[in-house]
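Tertiary structure, described
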Amino acid sequence: MALLSVFEQADALPPQSSPEANQLIHALIQTQAALTKSADPATRRWFSEALRTAGQRGGVAIPSDALTSRALEAILTYAAIHRPADDDAQVLAGLKEFNIGESDLKLMARVYQQARSRLSAAGRDLHSVYEKERQKMPLR
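Throughout, residues of each chain are indexed from 1 in the direction in which the sequence is written. Per-residue local features are limited, in this predicted model, to residues with pLDDT of at least 70; the limit for side-chain atom pairs, both in listing and counting, is 80 or more; totals at the level of whole chains, interfaces and linings are taken over all residues. Neither water nor hydrogens contribute to the side-chain values; these are computed over all heavy atoms in the structure.

**Brief notes about unusual backbone geometry**
Phi is positive for Asp11, which is not a glycine, with a value near 55°. Each helix is a run of H or I in the DSSP string that is no shorter than four residues. Each strand is a run of E no shorter than two, and both are numbered from the N terminus. By secondary structure assignment, the location of Asp11 is in the loop between helix H1 (2-9) and helix H2 (19-37). Each residue's exposure class comes from its accessible area (1.4 Å probe, protein chains only) as a fraction of the maximum for that residue type: buried when under 20%, exposed when over 50%, partly exposed otherwise. Since its relative accessible area comes to 58%, Asp11 is described here as exposed.

Rendered as structure tokens:
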């Protein structure tokens, strides 16, 4: 997964084989699954609104068929303002169908922010690093 490679380059990953590392991997995989496969209307709306809001802000449409760096950023930014646990119990229930909880969103946000900050301090853009890593990955 290209996102994990980006986080590793930024030295933002939790220690390998730690519970946090396992939680992060699980959270990213399950968020990808929820984004692309959830049939729950409230959860679909929540993801759609997260991507739409970020697309309007950045002027770039963010596709909903993959968990890219931009999609993750959009979801985490939206989740910070519209927390599923506070805003809509149906959204939280839809995320829990994919075993995604509040702690997963917080962990992904912390690692993402740390990676973005460290890459920026080195004069690198997280999304550019992601795109380079994604190009190295074999197509599905």
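**Comments concerning the pattern of salt bridges**
Salt bridges are defined as contacts in which a side-chain nitrogen from Lys or Arg sits within 4 Å of a carboxyl oxygen from Asp or Glu. Summed over all chains, the structure comprises 5 salt bridges. In this structure, Arg110 and Glu20 form a salt bridge, with 2.3 Å as the shortest nitrogen-oxygen distance. Here Arg110, found in helix H7 (residues 102-121), pairs with Glu20, found in helix H2; they are 90 residues apart in sequence, far enough to count as distant. Residue class for Arg110 comes out partly exposed when judged on its relative accessible area of 38%. A residue is classified by how much of its surface remains accessible, and Glu20, at 33% relative accessible area, is partly exposed. Two residues, Glu133 and Lys136, come together in a salt bridge whose shortest N-O distance is 3.0 Å. Of this pair, Glu133 and Lys136 are both found in helix H8 (residues 126-136), 3 residues apart, which corresponds to roughly one turn of the helix.

**Considering the packing of aromatic side chains**
In summary, the pairing rule links any two rings of Phe, Tyr or Trp, Trp by its six-membered ring, whose centres are within 6.5 Å, and it sorts them by plane angle into stacked for under 30 degrees, edge-to-face for over 60 and tilted for everything else. Scanning the model with the defined rule gives 2 aromatic pairs in all. Centre to centre, the rings of Trp46 and Phe47 are 5.4 Å apart; their planes meet at 65°, and the pair counts as edge-to-face. Overall, Trp46 belongs to the buried group, its relative accessible area being 6%. One aromatic cluster is present, formed by Trp46, Phe47 and Tyr78 through successive ring pairs.

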